[in-house]
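Given next are the chains, with one letter for each unit.
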There are 8 protein chains.
Amino acid sequence: MLLKSRQKLLFIGDSVTDCERARPVGEGLFDAIGKGYVRMVDGLLMAAHPEAQIRVVNMGCSGNTVRDLAARWDADVIAHKPDWLAVMIGINDVWRQFDLPRQGEKAVPLDEYRATLDELVGRTRTILTGLVLMTPYFIETNRDDAMRARMDEYGAAVKDVAHRHRAIFVDTQAAFDRLLAHQHSAAIAWDRIHPNHLGHMAIARAFLEGVQFAWK
Amino acid sequence: MLLKSRQKLLFIGDSVTDCERARPVGEGLFDAIGKGYVRMVDGLLMAAHPEAQIRVVNMGCSGNTVRDLAARWDADVIAHKPDWLAVMIGINDVWRQFDLPRQGEKAVPLDEYRATLDELVGRTRTILTGLVLMTPYFIETNRDDAMRARMDEYGAAVKDVAHRHRAIFVDTQAAFDRLLAHQHSAAIAWDRIHPNHLGHMAIARAFLEGVQFAWK
Amino acid sequence: MLLKSRQKLLFIGDSVTDCERARPVGEGLFDAIGKGYVRMVDGLLMAAHPEAQIRVVNMGCSGNTVRDLAARWDADVIAHKPDWLAVMIGINDVWRQFDLPRQGEKAVPLDEYRATLDELVGRTRTILTGLVLMTPYFIETNRDDAMRARMDEYGAAVKDVAHRHRAIFVDTQAAFDRLLAHQHSAAIAWDRIHPNHLGHMAIARAFLEGVQFAWK
Amino acid sequence: MLLKSRQKLLFIGDSVTDCERARPVGEGLFDAIGKGYVRMVDGLLMAAHPEAQIRVVNMGCSGNTVRDLAARWDADVIAHKPDWLAVMIGINDVWRQFDLPRQGEKAVPLDEYRATLDELVGRTRTILTGLVLMTPYFIETNRDDAMRARMDEYGAAVKDVAHRHRAIFVDTQAAFDRLLAHQHSAAIAWDRIHPNHLGHMAIARAFLEGVQFAWK
Amino acid sequence: MLLKSRQKLLFIGDSVTDCERARPVGEGLFDAIGKGYVRMVDGLLMAAHPEAQIRVVNMGCSGNTVRDLAARWDADVIAHKPDWLAVMIGINDVWRQFDLPRQGEKAVPLDEYRATLDELVGRTRTILTGLVLMTPYFIETNRDDAMRARMDEYGAAVKDVAHRHRAIFVDTQAAFDRLLAHQHSAAIAWDRIHPNHLGHMAIARAFLEGVQFAWK
Amino acid sequence: MLLKSRQKLLFIGDSVTDCERARPVGEGLFDAIGKGYVRMVDGLLMAAHPEAQIRVVNMGCSGNTVRDLAARWDADVIAHKPDWLAVMIGINDVWRQFDLPRQGEKAVPLDEYRATLDELVGRTRTILTGLVLMTPYFIETNRDDAMRARMDEYGAAVKDVAHRHRAIFVDTQAAFDRLLAHQHSAAIAWDRIHPNHLGHMAIARAFLEGVQFAWK
Amino acid sequence: MLLKSRQKLLFIGDSVTDCERARPVGEGLFDAIGKGYVRMVDGLLMAAHPEAQIRVVNMGCSGNTVRDLAARWDADVIAHKPDWLAVMIGINDVWRQFDLPRQGEKAVPLDEYRATLDELVGRTRTILTGLVLMTPYFIETNRDDAMRARMDEYGAAVKDVAHRHRAIFVDTQAAFDRLLAHQHSAAIAWDRIHPNHLGHMAIARAFLEGVQFAWK
Amino acid sequence: MLLKSRQKLLFIGDSVTDCERARPVGEGLFDAIGKGYVRMVDGLLMAAHPEAQIRVVNMGCSGNTVRDLAARWDADVIAHKPDWLAVMIGINDVWRQFDLPRQGEKAVPLDEYRATLDELVGRTRTILTGLVLMTPYFIETNRDDAMRARMDEYGAAVKDVAHRHRAIFVDTQAAFDRLLAHQHSAAIAWDRIHPNHLGHMAIARAFLEGVQFAWK
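Residues numbered from 1 in each chain as written. Chains lettered and ligands numbered in written order. Predicted model: local features only at pLDDT ≥ 70, side-chain atom pairs only at ≥ 80, totals over all residues. Heavy atoms only, no water.

Caption draft 1: Representation of the interface of chain G and chain A within the structure. Contacts between chain G and chain A engage 29 residues on the former and 29 residues on the latter. Per-residue buried area on chain G facing chain A is highest for His-197, Arg-205 and Trp-215 of chain G; these three make up 24% of the total on that side. Between Lys-216 of chain G and Glu-209 of chain A there is a salt bridge whose closest N-O contact spans 3.7 Å. The interface formed by chain G and chain A includes twelve residue pairs in polar contact (both at pLDDT 80 or more). The set of elements that each furnish at least two residues to the side of chain G that touches chain A consists of helix H2 (37-48), helix H7 (172-180) and helix H8 (197-210) of chain G. Per-element accounting of the side of chain G that touches chain A gives the leading share, eight residues, to H2 of chain G. Partitioning the side of chain G that touches chain A into residue classes produces 17 nonpolar, five polar and seven charged. (Contact = heavy atoms within 4.5 Å. Buried area = accessible area lost by both parts, 1.4 Å probe. Salt bridge = Lys/Arg side-chain N within 4 Å of Asp/Glu carboxyl O. Polar contact = N/O pair within 3.5 Å; in protein donor to acceptor, adjacent residues only side chain to side chain. Helix = DSSP H or I, 4+ residues; strand = E, 2+ residues; numbered from the N terminus. Nonpolar A, V, L, I, M, F, W, Y, C, P; charged D, E, K, R; others polar.)

Here is the structure:
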């Protein structure tokens, strides 16, 4: 596994990451780490590698776009001095284009998304041991669906940024597509965004594959 | 308009009809009629035809399939002696096939759906002045989507039953398709089933078109 | 219809407009637009004209008089740069004269009402494509009732101001009078001010008539 | 004062009497007696005549018509063996004719109202020391208002029944009319039925005048 | 009655006056005036003298001593420009001496109480048409009880201050003693301070006697 | 100490005993034993005599009189097979005579009280190792107070019954009188019945003195 | 993996299994499956083997001992016709011996525990494809701790029963011991019984190892 | 007893002291003093020595370490001018080392603990009549348990500091060990830190022994 003993791993993202994590910092007793895939990652790291004592911190915020990440990047990423950083952002950047079409100012266009993510990652990369960039996703198999198609463009942007900055690229969309080969999206998430435990575990597993986690 | 002065119009269906209507009967002061399309139908009938004083009753129940309708038909339809009856059922019959694929007993297969609806309508038609059968729907444009395709089969069954029993046929799926020509499903319903006010008004309008409502 | 594609339509008013709209801005996901006539207008615009994508914003505030509108006009009207503006104010200006007769300072006299409304409308008219002025109302048929008579004076002031500023005049009082020809006020609003869905739909319909809305 | 030391005085009626009284019996510690005119009567009897220790019981039930009183008369009146009985009923019998015009079965017609009240009073009169019949009311000065006119007919029926059974007749409508000579109904009750403390005190005072209460 | 038409009557005091009145000002719609004796005074003034339209304001605050009154006197009395002022304070000044004997700083000694009350009244008297000073009380018949004896001293101080400033003196303790001649304190207030409706009406009546209120 | 290792000690009584104990049986994890003197007794027994493992059960019920105890004696005392039984009852039997003087049926007269207690104790004594009878009390020093005087009569009845059945007699009234020598009743209980922790500890201590508890 | 496509896997146990699962059956939409290790098992099965569509049902009940399982075995196990059954019981059987030492009847002795479990398993084994017996555990490294030592005896009984009935034996105690080699029990569960997500994942992993789950 | 009449005794510490005490100061009516051992100390001092009227103040704060005490020492200890001060701190200083091993910054190392406590006590001792230092504790009999062993080191530091500053030393760990000789820790506190009433009374008794309290 790429993660080494006593390293600090910080996740930042939107509601899929957040999942009711503690404020101001998603780390500590009780449910501080939230109830989503971050918790599952933390559990699997401990169950399989208890000796490593990887420190996991959840800094997701519901509703965030990459614009919101930029505004809180220094306080919520840099100041925590993580060894590893995992970023999953973009769902709201796209979703607002489709669920609030009349309020254009709420969404983030692709160019701004790519540039902002690139800037954030660029000025952070050197202080990190490892960086993981995860795609946003839409739990929908039809690649011609307008929102899926758009989300794929944002995912491609993540892949580009990951390539430019030597980051590990995690394709969460592919992870969901694998689940969807065997069941309809309705079995994972009625809104195709906020997954139940089946979907959260799929994200956790995709992340762990990315960092070469060993189950045994 | 086909509805005549002082007639009683009863709606029966699932959560899309229910919308927090009063128990045991969805009629009366305050929000007894629920907060969905039935309320909008009632409001439009009154605003445009206050002299008619059409009596509107909401007997929807969240989560219902046609099996549940059969179990409460005598108490919730026959006993109320409506002049007009509107039925919209089938969403849960289909949805459970896709969101609970491992619990096959929760869904209602097409044959059972068609037969049950036909039986219920058949033994009620003669006591009614008018009957409106509304299709179930899935707020999704991709007709190859497995759930949309299945829902269309159930909608076709409604059309058959309507034809056999001289009922007015209301194609709510077509009404949603019309909205979807101009925006993504996410703008109407994140889960593609429970619409916001835009979708409820589209259902109300489709129903009113069916009964030849005049806006002025 | 007078409203054109992609235009922004902003409603401002009191509790009849507000109806639990979101703060600070009554626009967006879920019930942000409130639960009253504004929601119904939004629904009917979309159901009949989905291609137009009219943007509707609700800036009503419960309890407001025209004095309160003046205090928040820049922030809640001007700053939003609406194409169309609809104003319905005056109910509380009058009501406080009758339900709090011992607290004279709570109500707004007719002269102040007319002058304030005129001033607000006057300095806003030129930046608008369209302006709709709606009368306050009292759901009471007896024109000799002191409060109805007073409300009619305020309604007449609205008509004057509308005339002076080339605004569309919507007579909500007349819309209610039409309903009251067929039933007692108790069937619309126990307090003769806050209507149930029947009354809200009557307001919505009166507004839409004013902007030459086409049902089909 | 007609009420004598240690007598039990029972009030029965609708929501105006009820006012959150305790169940099953509106008598005892804390707010058992409710928060309306019955509480004020109890307070005034004690403040002016503490030596009398009149026992006051509140058996009002929100929403009741005279039909509902008949159904619970034995349990809620007879079984308590009051010395004095005060009845104020009829508001809902009339109101439902106007606020639910489409649900005719909810209201009680005048003939049924008069006959039921007469029957109840008739079979109870002999076991009572004193009987007080209070009119229903509508807090509206316009006697041509359809609901006020109807309420006056029910009030006249109360007067007839009082006369036939040697009961003290209390004209609560007249008490409200006296208040309305100096202010609009909106200052007493927005819905013209459920009064604020000003209206409840007016009812209490009317009742006490009826039983020849002495303030000092 | 000494109170004249359209005069403003302001009550200030502690929890017995407060009774959940509205903030910042205890006047207006719904229960703004609180649920205690002030409400009853307001109701009786209206029921007997509706033509007078006396304006009643409740500025009581739970837990207050005369020290607290001094701190808010300008804002809560002077700024309201009352015609009549009624003050009932002192219960907490005394009670804290007995229920928190170990926390001497919480109570107000007699000298400070008298001096503060005198100062407040002295600088306010001239701007008032009428002034009513009401004693604090302890609902206990045993004058040798330490707290009753102390409360009587504070009551005597009120009498002195009233005499010095030509104020109407209302002896609420005497009013309670009159009730207690016929029943134990437990029937009025378990804690001998916060009365039920029987005790609040006794205070209201004592106040009204003081201003020569006429019941008819 | 009279209590021996592994014995079961059951308390029965009213709200002073109850203090939110668990239902149906006041014994077990968390706050099952309630929050009053029974909990303190349990704590002191364990702190000083951990080896004894005395089993303590709380069967108090708020509002109970001796009449209520009789109705549940078999289920709530006999069926639990206690070794020791402690009874404290009578407060409500007396209090209702004073706080609800108009509802005579709510209180229990002295003769009935004495006879019922005697009967209950009589048929239970032989199955018990030890029996403790505790007086009811009124936290009031004035023995001429009507309620204190009456309570003393009930306490004397307890003493008689204790003597007749060789029970340990615990004078809780004397325990409170000892506290009251140094402070007013207001410092122990505003209502003179439900004590704060100071009063509950005084009851616990009186009980423990009765069973010859050793602090060290 | 031993679990085959479309098989039904039912878990039964106590609060560690329950974790707020739905009633009456822990299967379905939303959080029906509970929030503990069963949810994690379900998620991992789906993430790694989506084609298998294993059906997972949670029938845990907080506070249960093996006595409680016996009482509901027919309804909660047999009636569901599972292919695979997993049982984890015994924690409360032991815990009550230590946290309620004075209430001996609340715990289940070892002999009764072993016999009951053996009987339940014995009469169910033949209708099952697979059976998994999981030990109870105490998250404590000190094997001389009285409760750990006792729990180990119950765990040994589970091993015996598993051996007698050809069941897969899962040693959850060993799984926790592995975690405890790297951190104190306080990092897993303050009460050493109800684990946080780290502990639940350890249980899930132990179970999955037992059924030869493949991570990839 | 060492505590003398009218002296003020202030307790400071963590959640074991706090127990929901009032803010900002844990002294006064109702449950201001909290629900733990401080309340029991207050009750026992009053029950046995009502003439002394010792003033007890609770300034505990949940979650505090000695670092937190230092930050609020002036405001929460010095400013209150206590005659006696009792300090029990250290549990969280140690616990965080074990329940949050990955967040090293949350715990307080032994050297810092000892130095901080010494500094606080040193600059306060001269203004106090009496000082009581109580050890932190872990309700666990196994002295080889890592957390118990560490806690014992912190307890030894308390003993040192007490010796250096002529403070009364109270060994709460010894008090718990005495309880644990007769039952498992599970009967006192599931988490071995927050005791039930049995444990709180043991702390209260240990403190009172320290100040030579006399039960009679």
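Caption draft 2: Structural context of the relation of the copies chain G and chain A. The two copies are related by a screw operation: chain G maps onto chain A through 180° of rotation and 0.0 Å of translation along the axis, at an RMSD of 0.0 Å. The superposition operator between the copies reduces to a two-fold rotation axis. Taking C-alpha positions as reference, the residue of chain G nearest the rotation axis is Trp-215 of chain G, located at 3.2 Å. (Least-squares fit on C-alpha atoms with pLDDT ≥ 70 in both.)

Caption draft 3: Highlighting the packing of aromatic side chains. Enumeration over the complete set of coordinates arrives at 60 aromatic pairs over all chains. Seen in terms of ring centroids, Phe-30 of chain A and Trp-190 of chain G are 5.3 Å apart; in terms of plane orientation they differ by 75°. Their pairing is edge-to-face. Pair noted here: Phe-30 of chain A is in the loop between helix H1 (15-18) and helix H2 (37-48) and Trp-190 of chain G is in the loop between H7 and H8, and the two residues belong to different chains. With relative accessibility at 22%, the residue Trp-190 of chain G sits in the partly exposed group. Through a chain of ring-to-ring contacts, the aromatic side chains of Phe-213 and Trp-215 of chain A together with Phe-213 and Trp-215 of chain G assemble into a single cluster. Here Arg-205 of chain B stacks its cationic end above the ring of Trp-215 of chain C, 5.4 Å away from the centre of that ring. (Phe/Tyr/Trp six-rings, centres within 6.5 Å; stacked < 30°, edge-to-face > 60°. Buried < 20%, exposed > 50% of the residue type's maximum accessible area, 1.4 Å probe, protein only. Lys NZ or Arg CZ within 6 Å of the ring centre and 35° of its normal.)

Caption draft 4: Fine view of the interface of chain F and chain H. Across the contact, 29 residues belong to chain F and 29 residues belong to chain H. Surface buried jointly by chain F and chain H totals about 3,000 Å² across both partners, of which 67% is contributed by carbon and sulfur atoms. If you sort the residues of chain F by the area they bury against chain H, His-197, Arg-205 and Trp-215 of chain F come out on top, with a joint share of 24%. Where chain F meets chain H, there are two salt bridges. Here chain F and chain H share twelve residue pairs in polar contact (both at pLDDT 80 or more) between them. If you list the elements that add at least two residues to the side of chain F that touches chain H, you get helix H2 (37-48), helix H7 (172-180) and helix H8 (197-210) of chain F. For the side of chain F that touches chain H, the per-class residue count stands at 17 nonpolar, five polar and seven charged.

Caption draft 5: Highlighting the sheet that holds strand E3 (residues 84-88) of chain E. Residue and element names in this part refer to chain E. The parallel open sheet is built from five strands, whose spatial order is E2-E1-E3-E4-E5. Both outer strands of the open sheet, strand E2 (55-58) and strand E5 (168-170), are each paired with one neighbouring strand and no more. Within the sheet, the average angular offset between the axes of one strand and its neighbour, ignoring direction, is 15°. Relative to E2, strand E1 (residues 8-13) is paired through four bridges, and the arrangement is parallel. (Pairing = 2+ DSSP bridges. Axes fitted to C-alpha atoms, helices over the stretch in contact; angles between N-to-C directions.)

Caption draft 6: Highlighting the pairing of strand E4 (residues 130-134) of chain D. All names here are of chain D. Of all five residues in E4, five are buried, a share of seventy percent or more. On E4, burial covers both faces: Gly-130, Val-132 and Met-134 on one face and Leu-131 and Leu-133 on the other are all buried. In terms of strand pairing, strand E3 (residues 84-88) meets E4 through five bridges, oriented parallel. When the bridges of E4 are listed, Trp-84 appears paired with Gly-130. Inspection of the sheet shows E4 paired to strand E5 (residues 168-170) by three bridges, in the parallel sense. Residue pairing in the sheet places Met-134 in a bridge with Val-170 of E5.

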